[in-house]
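# Structural description and commentary
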Amino acid sequence: MTTVLTLPVLLPMLGAAVTVIGSRSAALQRVVGIVVLTAVAVLAAVLLVAADERGPVVAELGGWAAPVGIALVADRLSALLLLVSTLVTLAVLVYAIDQRIADYGRGTASTTFHPMYLMLCAGVSLAYLTGDLFTLFVAFELMLTASYVLITRRTGASRIPAGMTYVTVSLLSSLLFLTAIALVYAATGTVNLADLAERIGTLPGGVRSVLGLMLLVVFGIKAAIVPLHFWLPDSYPNAPGPVAALFAGLLTKVSFYALLRTETLLFSRDKPWTLLLVLAVATMLVGALGALVQNDLNRLLSFLLVSHIGFMLFGLAVFDAAALSGAALYAAHHITVLATLFLVSGLITRRTGTVSLDEMGGLARSSPGLAVLFAIPAMTLAGIPPTAGFVAKLALLQAGAAAGLGPQVVAGVVVLASLLTLYALVRVWVRVFWGKPRPPRPDEDPTDEVLVGTARTSMPMYAATAGLVAVSLAIAVFAGPLTVLTGRAGVDLIDRTPYVDAVLGAQEGR
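Cut-offs and rules
Residues numbered from 1 in each chain as written. Predicted model: local features only at pLDDT ≥ 70, side-chain atom pairs only at ≥ 80, totals over all residues. Heavy atoms only, no water. Helix = DSSP H or I, 4+ residues; strand = E, 2+ residues; numbered from the N terminus. Buried < 20%, exposed > 50% of the residue type's maximum accessible area, 1.4 Å probe, protein only. Areas by Shrake-Rupley, 256 points an atom, 1.4 Å probe, with all protein chains shown as cover. 1 Å grid on protein atoms, 1.4 Å probe; cavity = no way out; pocket = protein on both sides within 12 Å on 5 of 7 lines; lining within 4 Å. Points joined across faces, edges and corners; volume = space filled by probe spheres on them. Nonpolar A, V, L, I, M, F, W, Y, C, P; charged D, E, K, R; others polar. Phe/Tyr/Trp six-rings, centres within 6.5 Å; stacked < 30°, edge-to-face > 60°. Lys NZ or Arg CZ within 6 Å of the ring centre and 35° of its normal. Pairing = 2+ DSSP bridges. Salt bridge = Lys/Arg side-chain N within 4 Å of Asp/Glu carboxyl O. Axes fitted to C-alpha atoms, helices over the stretch in contact; angles between N-to-C directions. Parallel < 35°, antiparallel > 145°, perpendicular 65-115°, else oblique. Left-handed = near helix turned anticlockwise from the far one by under 90°. Contact = heavy atoms within 4.5 Å. pLDDT = per-residue confidence, 0-100. Polar contact = N/O pair within 3.5 Å; in protein donor to acceptor, adjacent residues only side chain to side chain.

Turning our attention to the overall build of the chain. Helix and strand content of the chain: 20 helices and two strands. With respect to the three principal axes, the spread of C-alpha positions in the chain is 65 × 55 × 40 Å. Across the 510 residues in the chain, those meeting the buried criterion constitute 60%. Counting every atom, the chain has about 17,900 Å² of accessible surface; 69% of that belongs to carbon and sulfur.

This brings us to the layout of surface pockets. Looking at the second largest pocket, its volume works out to about 260 Å³. Of all elements in the fold, only helix 8 (205-223) and helix 10 (241-266) reach the threshold of two or more residues within the lining of the second largest pocket. The dominant element in the lining of the second largest pocket, judged by the number of residues it contributes, is helix 8, at five residues. Residue composition of the lining of the second largest pocket, by class: six nonpolar, five polar and four charged.

The subject of this paragraph is the packing of aromatic side chains. Taken as a whole and assessed by the stated rule, the structure comprises 16 aromatic pairs. Taken together, a centroid distance of 5.2 Å and an interplanar angle of 70° make the contact between F177 and F219 edge-to-face. Note that F177 is positioned in helix 6 (residues 160-188) and F219 in helix 8, a separation of 42 residues in sequence. No difference in accessibility class separates F177 from F219, as the two residues are buried. Ring-pair connections join several aromatic residues into one group, and the members of that group are F134, F137, F140, F177 and F219. The ring of W273 has R269 sitting right over it, with the charged end atom 3.7 Å from the ring centre.

Our focus in this paragraph is the pairing of strand 2 (residues 71-74). Going residue by residue along strand 2, you find A71 and V73 tucked away on one face and L72 and A74 tucked away on the opposite face as well. Pairing of strand 1 (residues 57-60) with strand 2, which is carried by four bridges, proceeds in the antiparallel orientation. The partner of V58 across the bridge, within strand 2, is V73.

Moving on, we come to the pattern of salt bridges. This model, assessed by the stated rule, comprises eight salt bridges. When the shortest N-O distance is used, the salt bridge between D52 and R76 registers 2.7 Å. A residue pair is termed long-range when its members are at least 10 positions apart, and D52 in helix 2 (residues 26-54) and R76 in helix 3 (residues 76-104) qualify at 24 residues. Taking relative accessible area as the criterion, R76 reaches 13% and is therefore assigned buried. Here R488 makes a salt bridge to D52, at a shortest N to O gap of 2.8 Å.

With that out of the way, let us pick up the packing of helix 10 against helix 12 (residues 297-318). Relative orientation of the contacting elements helix 10 and helix 12 amounts to 20°, with a least axis distance of 11 Å. Of the possible angle classes, the one that applies to helix 10 and helix 12 is roughly parallel. Between helix 10 and helix 12 lies a crossing of right-handed hand. Note on element contacts: helix 12 touches helix 10 through L305, I309, M312, L313 and L316, opposite A248, T252, K253, F256, L259, L260, E263 and T264.

Right, let's get into the confidence of the model for the chain. In the predicted model, the chain carries a mean pLDDT of 88, and the fraction of residues at 70 or more is 93%. Low pLDDT, under 50, characterises residues 506-510; the stretch is placed with seven contacts to residues that sit more than four places away or in other chains.

As a further point, take the side chain of T283. Here T283 lies in helix 11 (residues 274-292). Overall, the relative accessible area of 0% leaves T283 in the buried class. Looking at T283, its side chain comes within polar contact range of the main-chain oxygen of L279, at 2.7 Å. The residues contacting T283, other than those within four sequence positions of it, are A224, I225, V226, V306, S307, I309, G310 and L313.

All right, on to unusual backbone geometry then. In most cases, non-glycine residues show a negative phi, while peptide bonds are predominantly trans. In this chain, V226 is followed by P227 through a cis amide linkage whose omega measures 10°. Mapped onto the elements of the fold, P227 is located in the loop between helix 8 and helix 9 (232-235). The omega torsion of the bond from P385 to P386 falls at 0°, within 30 degrees of zero and hence cis. Even without being glycine, A224 reaches a positive phi, approximately 65°. We classify A224 as buried; its relative accessible area is 0%. Phi at R496 takes a positive value of approximately 70°, unusual for a residue other than glycine. Given the relative accessible area of 21%, R496 is considered partly exposed.

Quick look at the environment of A74 now. Mapped onto the fold, A74 is located in strand 2. Accessibility expressed as a relative area gives 0% for A74, which makes it buried. Between the C-alpha atom of A74 and that of A50, which follows or precedes it by 24 residues, the distance is 9.0 Å. Setting aside residues no more than four positions away along its own chain, A74 makes contact with L5, L47, A51, G55, P56, V57 and L129.

Shown next, in the form of structure tokens:
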């Protein structure tokens, strides 16, 4: 299992190297990407089964035992999110490959897309599996470096400001993260998460509060928590469809996972976290209200992405096993549904030539399959029974209702934000799919990464999007076993003992 634990990081890195070496062969790049991500998905499933049956799986890199050496750890939470994230990256890659074939021909290779895509996947895997803060920083830098390239590839002048905003904010958050790690090491003498779980409690209360707030700000920026969300609605809408789908599905959830892991492991609480309850309310309402006033489809989805980060924050803020279980299940569902909606947005833009809702209409007649692909994830995001969104949201509401007055009030806000989400998506449905069909607008920038306004879409792009819809439906179908699994994960997060013993006890059992 030690070898299996390292491969989700190593295989994408090796695949990226192969795609660079074979950059003149488009077929080689495509095959390598699909084979690597399929293998990582299988490995993630193996790790999930092993972690659920035997407890956290630990690998000590270089033969150095924790806390001195670097440890990779897969528990129920990290393995579940790794599996769902890999399925999303695989579907998005299939979509992106076929989009490029349709636009530029089967023989056109890319010197940057496939290597950077696989490096981003390696960073995501490392972020889920790392057992120390500094390696988590390295994982974020891998993801961000790759994302800088992906979001600025063949960018026109109109998209440069948004790309610069994304790069600047990401660099500032990384600098703050590195500063926080330095302070943690200065105060405790370690960056190993399991070791920190035992040492943080010995620090003065003021020092613990400062370190906890610094990490909250760092991951709050990366996860787009209000009021640190300002960069996201300007950045994601300007990325090509597959890239926006990848970012929306993964990057904010990886950041939320990092926040969830650090706050539960290092700063355990025995009652709801008032500050995070307030931030959850602000995030849910600002995101939902912002979506209501958007005419740009991608900006609307970006604001809804922000809003639903607040749902996961609510689970973390309640800070008990049931709420953390709901947050984990909601994160798994959210990864799939937001990626799907951004892929559908790419299909819509490809047919209409615009992201303006005012200039669309009648797609239900001209493309009924596209209407179905939008309707299912839209209902899932709004939490309509019996979708995965409803199951995850119900778990959060039940946990909030049992946690006291403050969480009960926030649970009411969850219902309100869900209704606002439903209203925003119904507006999209009416304006995009009803009414009289309109002719596609010509591509305003034919030199950029993606051609739009073609009024045609190849079947593999539909199939990749439908595959993600199927994953979302599978989460609903298997909601019972998944709820049991995330329930055990929530207990582990509160207990902390299984994680700490697995990491620090690994060298004792030799």
